[in-house]
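# Tertiary structure, described
Here is how the chains run, residue by residue.
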Amino acid sequence: MSAGVRARRPTTPPLGFSNVTPSAHKYPPSLSRKDDLDADARRQAASKGYGPGHKSYAPGGLDITSGEWKLLVVVLIVATLVRMFRISHPSSVVFDEVHFGKFAGRYIKTRYFVDVHPPLAKLLITAAAFLFGFDGDFDFKDIGKEFVNVPYVAMRMVPATLGIATIPLAYLTLRALDCKASTALLASLFLTFENGLVTQSRHILLDSPLVFFTALTIFLFVGFSNEDRHQPFSESWWAWLVLTGLSLGAVVSCKWVGLFTIATVGVCTILRLWLLLGDTRVSLRTWSRHFFARALCLIAIPILFYMTMFEIHFLILGSSGDGDAFMSSEFRQTLGHGMPDTFADVAIGSQVTIRHVNTQGGYLHSHLHNYPGGSGQQQITLYPHRDENNLWLVLNATTDNYPQYDFEHQPIEYIKHGSRIKLRHIVTDKALHSHDVRPPVSDVDFQNEVSGYGLTGYTGDLNDDWVVEIYKGDRNDKESSKRLKTLRTHFKLRHLMTGCYLFSHAVKLPEWAFDQQEVTCNKQAVKANSLWYIETASKHPQLPPNAERVNYKIPGFLSKFWELQKVMWTTNSKLTDRHVYDSRPWSWPFLERGINFWVKDHKQIYLIGNPFVWWSSTVSVITYMLIRGLLILRAKRGYRDFENTKLVKYDMLCGFLFTGYALHYLPFFLMSRQLFLHHYFPALYFAILLSSVAFDFATSALRPRIRLQVACVLIIVAVLTFDKFSPLAYGSPWTRSKCNNAIWVRTWDFACQEFHDDVTSIQAATSNKSILGATIGGEPGGRAAVIVDDVVDVAHAAKGETSTMIPLGGAEPGRDVFAQRESKEVKSSRSRPEVVSPEEKERVVSVVGGTTEGISEVSNKDYTPNPPQQGGSTSEQATLQGGHHKTEGPLDQAEALANEVAHELYPDDNR
């Protein structure tokens, strides 16, 4: 090297790629191992920015001075103050604490539940709740509900602590990427004063743990890459690799968004292995060691960690709960009180429960409530819980003036293929009935209503008759293919008169049927939705004492694990309902919409990012894309930009972070499910790091003091912007004028009408307010109930007015599909209906073959549901009135149900 050329400081690539020409790959290679380069190779590497390593090597490439550690402690203290400030406020439920706080209670009560997210973050929150004495009794039912005997501060401190820990990880990651200390400081303080991350980390939510484990994974992977560059297969190399695998398991165990972090590490790992394969100095044996080491630590360890979290989940949730309905009967056997052994043989005279094979196997069910339209006869539904209203008596098909088969004394008659039977509901003494009347929801020509029909002492008519068609039996029990056997035979029930099949599908009936699943008789039934099986059969009088008994096979961990993954995946993909604060991915980088978390006492918590940090990170991402595209075009024209050491280094760093950003952001464009602004937070983390690297590049030619001064100016702007919007993060008092001035984008829908006009009004309201609890919303089919404290405003009190204003778009939690799908049921009395006189009996309606027999309909009386008797059914204190029932809510329920049914019946119709 001539004396007139200044030697550049060597760079430290983060990913540890082999020595190849930088222009050939987006991620430049690393220097080779130790002393395997000769002088010429070292000179060539130095000319490309890959100079020899330092004499002393810090673990993971973290060459941090003692002064930096002190600075990092100061940053950590600032982050703690920002995130822990007034964390006890509000002392009521905020946004999705409705769900995740409730799940902590379920864990403590050991009651099984189902959620679309893996369990790690929920287990961490539960651990804090348990250690601080939470008994699980508080239900977290509504936004704004005051906490009573809940260690909510301890629970909130779990995501807050992980949010604080994310700050030093960002600093250390950028230092491991060979960025300057001022750049790392800028990134850590940008994250500290990012309003959205602050707001999300102060409540019982899962996104703060997700971002923390994402940051931890990237930090560990960068450290491993530096170790891989320095000395592969050393103890330190193995430690960083194993820790990276554990962190990958943790991030995907918080939310499935962690799969994008796995993809980021996977892409870089595959590229690294590909480059090693092309390095002729690396033997195939050495390459195999690299491959299997990464496969073990980056694939096997994350999978084992993920499965371990579910094993803990199953061990804790050993009792029956409201998640039972979404699991198979075999799975339910592991939840506390399993089903006792039941008789295998089914005959005329058996009392049975009948389950649907598909749609998560609900029970054929009826109760003392009638359809408000159609025939007005008793409702037949599919109900997911065990209940006495699921019991049916199997009778032979007969009519009036024809003697009944005496199953108690005559020889036993098994039910075979082609047998003609009636099913009599035990509790209400109604027959399973169908006729040429359209169903209440699936109102199409090929679907008939199924109802409960008849009176005590009335044998019934031909529309009560069903023909058994056996579909298949258990291959280990040949008899189950010839006649009905409990748990072993799948069969269809064909209606004798109309030829339709007893059918159910994933369509819910309205509130008047307690949101239970519709049952119809379908002339064009899909096979999967028209198959049934007997779950329990009582002892028949003619069976011997030692008759065969059967039960479900108890599933092992792997069966339970796989079943739950399928339930989570299926349900997650169906979360397509609209939410008042949902948003689409294209709007996230521009911060076009936030989320209203909480409104109460003239205060609001609203999830909105720090506009300066947010928009500067977006500009950095777009700028990198444009510059990278320009460099590619220049390279095609023969320019040698990639031989510039500094350009190669920063292209490598930005390319790595941009890959993480793209893989955490772009997949959301493929999702049709309900999405919110907080889904962008992992991508935002990469964008902030990318903007900091862009700062490092832009100021690389400046003197350190000037660079630090520029960084301080940017930090001050970020802090001032944070302070302007901080009342929305902390739920602090704010004035209406300040709120209106803070609406920089017209789509930001802050509840400015909730705030006081001036500071005097705030002070007066604080000292003289009188609180009266009021519940807003909660109508059937409408928005979730929000408890709002009616505060008597002194300014209005002088005029004799009371302020009752609430925001137009009240805070609503995200949809918990499992909670909404819990079917509500009302226990019917075991007492049989009164025996009616012959005159009343003649008024019964029956439609045979589509004709009316000249008799009038049974009066449709009003019923008041009875309270529940056991955990299987949920009480619903409501009175069903005859005639049309109008449900309330933001959308017309009838139209919504009609659309759902149309999609079910005509899945290929794109109209």
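Bear in mind that the values here come from a model prediction, so they are computed numbers and not experimental data. (Residues numbered from 1 in each chain as written. Predicted model: local features only at pLDDT ≥ 70, side-chain atom pairs only at ≥ 80, totals over all residues. Heavy atoms only, no water.)

### A look at the overall build of the protein
What counts here: Secondary structure elements are defined from DSSP: runs of H or I of at least 4 residues count as helices, runs of E of at least 2 residues count as strands, and each element is numbered from the N terminus. Should any heavy atoms of two residues lie within 4.5 Å, those residues are counted as being in contact.
Looking only at helices and strands, the protein has 23 helices and 20 strands in total. Long-range pairs, those at least 24 residues apart, make up 75% of the contacts in the protein between residues at least 6 apart in sequence.

### What about the pairing of strand S13 (residues 532-537)?
Under the convention used in this document: Here's how the labels work: a residue is buried when its accessible area is under 20% of the maximum for its type, exposed when over 50%, partly exposed in between, all with a 1.4 Å probe on protein chains only. Criterion used throughout: strands pair if DSSP finds at least two bridges between them.
The buried count for S13 comes to six of six residues, which makes it a mostly enclosed element. Strand direction decides the pairing type here: strand S2 (residues 351-356) and S13, joined by five bridges, are antiparallel. Of the residues in S13, the one forming a bridge with Arg355 is Tyr533.

### So, helix H16 (residues 681-698)
The cut-off we apply is this: Expected helix span is given by 1.5 Å per residue-to-residue step, counting one fewer step than there are residues.
The end-to-end C-alpha distance of H16, which contains 18 residues, comes to 25 Å, matching closely the 26 Å that a straight helix rising 1.5 Å per residue would cover. In terms of burial, H16 is a largely internal element, 15 of the 18 residues being buried.

### Digging into the pairing of strand S7 (residues 431-434)
Burial along S7 is two-sided: the face carrying Ala431 and His433 and the face carrying Leu432 and Ser434 are both buried. Of the pairings in the sheet, the one linking S7 to strand S8 (residues 447-453) comprises four bridges and is antiparallel in character. Residue pairing across strands places Ala431 opposite Tyr453, the latter belonging to S8.

### A look at the confidence of the model for the protein
Low pLDDT means the predicted coordinates in that region are not meant to be read closely. Keep this limit in mind: What pLDDT reports is the predictor's confidence in each residue, on a scale of 0 through 100.
Per-chain confidence: the protein averages 81 in pLDDT, with 77% of residues scoring 70 or above. Between residues 1-37, whose pLDDT stays under 50, and residues either more than four places distant or in other chains, the model counts 109 contacts. Within the model, the stretch residues 820-894 combines pLDDT values under 50 with 169 contacts to residues more than four positions away or in other chains.

### Side note on the state of the cysteines
Note the following rule: Pairs of cysteine sulfur atoms within 2.5 Å are what we label disulfides.
Tallying each qualifying case throughout the model produces two disulfides. What pairs with Cys739 in a disulfide is Cys752, and their sulfur atoms sit 2.0 Å apart. Taking the sign of the S-S torsion, -75° for the link of Cys739 and Cys752, the bridge is left-handed. Here Cys739 is found in helix H18 (residues 736-741), whereas its partner Cys752 is found in the loop between H18 and helix H19 (759-768), with 13 residues between them in sequence. Numbered by position along the chain, the disulfide-linked cysteines of the protein connect as 1-2, 3-4.

### Examining helix H13 (residues 557-573)
With 17 residues, H13 should cover 24 Å at 1.5 Å per step; its first-to-last C-alpha distance of 24 Å lies within 8% of that length. Taken as a whole, H13 has its buried residues at Lys560, Phe561, Glu563, Leu564, Gln565, Val567, Met568, Thr571 and Asn572.

### Observations regarding the packing of aromatic side chains
Working definition: an aromatic ring pair is given by the centre-to-centre distance plus the angle between the planes. As a reminder, the rule being used: Here is the rule: rings of Phe, Tyr and Trp (six-membered ring for Trp) pair when centre to centre is within 6.5 Å. Planes less than 30 degrees apart are stacked, more than 60 are edge-to-face, and the remainder are tilted. Only lysine NZ and arginine CZ atoms are considered, and such an atom sits over a ring when it is within 6 Å of the ring centre and within 35 degrees of the ring normal.
The full count for this structure, using the stated rule, is 54 aromatic pairs. The interplanar angle of 80° and the centroid separation of 4.9 Å between the aromatic rings of Tyr606 and Phe750 together place this pair among those described as edge-to-face. Placement of Tyr606 in strand S16 (residues 603-607) and of Phe750 in the loop between H18 and H19 is noted, with a sequence separation of 144 residues between them. You can call Tyr606 buried: its relative accessible area is 0%. Members of the aromatic cluster, joined through ring pairs, are Phe260, Trp588, Trp614, Tyr624, Phe658, Tyr661, Tyr665, Phe668, Phe669, Tyr680 and Phe681. Lying over the aromatic face of Phe233, Arg289 brings its terminal NZ or CZ to 4.0 Å of the ring centre. Lying over the aromatic face of Phe331, Lys560 brings its terminal NZ or CZ to 5.2 Å of the ring centre.

### So, the pattern of salt bridges
Stated precisely, the cut-off is as follows: A pairing counts as a salt bridge when a side-chain nitrogen of Lys or Arg comes within 4 Å of a carboxyl oxygen of Asp or Glu.
A full pass over the atoms with the stated rule returns 30 salt bridges. Among the salt bridges present, the one from Lys422 reaches Asp465, with a minimum N-O distance of 2.5 Å. Here Lys422, found in strand S6 (residues 420-425), pairs with Asp465, found in the loop between S8 and strand S9 (466-472); they are 43 residues apart in sequence, far enough to count as distant. In this structure, the salt-bridge partner of Lys485 is Glu548, at a minimum N-O distance of 3.4 Å. Here Lys485, found in the loop between S9 and strand S10 (490-495), pairs with Glu548, found in the loop between S13 and strand S14 (549-550); they are 63 residues apart in sequence, far enough to count as distant. The class of Lys485 is buried, set by a relative accessible area of 5%. A single network of salt bridges, built from pairs that share partners, joins Asp477, Lys485, Arg488 and Glu548.

### What about a nonpolar patch on the surface?
Using the following cut-off: Only residues whose relative accessible area exceeds 30% and that form no salt bridge enter a patch; like-charged residues are grouped when within 9 Å of one another, and nonpolar side chains (Val, Leu, Ile, Met, Phe, Trp, Tyr) when within 5 Å. All accessible areas in this document rest on Shrake-Rupley with a 1.4 Å probe, and a residue is counted as covered only by the protein chains that are shown.
Taken together, the side chains of Phe590, Trp615, Ile622, Leu626 and Trp744 make up a nonpolar region of the molecular surface, amounting to roughly 510 Å² of accessible area. Its location among the elements puts Leu626 in helix H14 (residues 611-636).

### Re the environment of Gly609
Here Gly609 lies in the loop between S16 and H14. When its relative accessible area of 0% is taken as the criterion, Gly609 is described as buried. As a C-alpha pair, Gly609 and Gly196 span 413 residues in sequence and 4.1 Å in three-dimensional space. Ignoring sequence-local partners within four residues, the contact set of Gly609 consists of Glu194, Asn195, Gly196, Leu591 and Trp614.

### Details of the packing of H14 against H16
Two quantities define a packed helix pair, namely the angle between the axes and the distance from one axis to the other. Where we set the bar: Lines fitted to C-alpha atoms define the axes here, with helix axes fitted over just the stretch in contact, and angles between the N-to-C directions of these axes take values from 0 to 180 degrees. For classification purposes, an angle smaller than 35 degrees is called roughly parallel, one larger than 145 roughly antiparallel, one from 65 to 115 roughly perpendicular, and anything else oblique. Under the scheme applied here, ten amino acids are nonpolar (Ala, Val, Leu, Ile, Met, Phe, Trp, Tyr, Cys and Pro), four are charged (Asp, Glu, Lys and Arg), and all others, including Gly, are polar.
At a closest axis distance of 8 Å, the pairing of H14 and H16 adopts a crossing angle of 70°. With respect to each other, H14 and H16 are oriented roughly perpendicular. On the side of H14, the interface is formed by Val613, Trp614, Ser616, Ser617, Ser620 and Val621, while H16 contributes Phe681, Leu684, Ala687, Ile688, Leu690, Ser691 and Ala694. Tallied by class, residues from the contact of H14 with H16 come to nine nonpolar, four polar and no charged.

### A word on the environment of Leu259
Tracing the sequence through the fold places Leu259 in helix H10 (residues 258-277). As for Leu259 and Leu248, which are separated by 11 residues in sequence, their C-alpha atoms are 8.5 Å apart.

### Section: the packing of helix H8 (residues 207-230) against H10
The N-to-C vectors of H8 and H10 enclose an angle of 10°; their axes lie 10 Å apart at closest approach. If you check the angle between H8 and H10, you find them roughly parallel. Along its contact with H8, which presents Leu210, Thr214, Thr217, Ile218, Phe221 and Asp228, the element H10 presents Gly258, Thr261, Thr264, Val265, Cys268, Thr269 and Arg272.

### Let's talk about the nonpolar core
The criterion, for reference: To define a nonpolar core, start from buried Ala, Val, Leu, Ile, Met, Phe, Trp, Tyr and Cys residues and group those joined through side-chain atoms within 4.5 Å.
Tyr112, Phe140, Phe597 and Phe750 are the most contacted members of the largest nonpolar core, which has 158 residues in total. With 13 residues, the single largest contributor to this core is helix H5 (residues 152-176). Among residues more than four places away in sequence, those in contact with Phe140 are Val93, Glu97, Val98, Gly101, Lys102, Phe134, Phe147, Val150, Met155 and Ile204. Residues Val352, Trp392, Leu502 and Ile534 belong to the second largest nonpolar core, which totals 38 residues.

### A word on unusual backbone geometry
Of the consecutive residues His89 and Pro90, the connecting peptide bond is found in the cis state with omega at 0°. Mapped onto the secondary structure, Pro90 falls in the loop between helix H2 (66-84) and helix H3 (97-109). Positive phi values are uncommon outside glycine, yet Arg86 reaches one of about 50°. Structurally, Arg86 is set in the loop between H2 and H3.

### Focus: the environment of Pro119
Its location among the elements puts Pro119 in the loop between H3 and helix H4 (120-131). Every residue in contact with Pro119, bar those within four places of it in the chain, is listed here: Tyr107, Ser253, Met309, Phe310 and His313.

### Points about the side chain of His664
On the secondary structure map, His664 appears in helix H15 (residues 645-665). If we ignore the near neighbours within four places in the chain, the residues touching His664 are Thr214, Phe260, Thr261, Thr264, Pro682, Ala683 and Phe686.

### Some details on the side chain of Ser692
You can see Ser692 is positioned in helix H16. If near-sequence neighbours (up to four positions away) are discounted, Ser692 is found in contact with Leu174, Thr183, Leu186 and Ala187.

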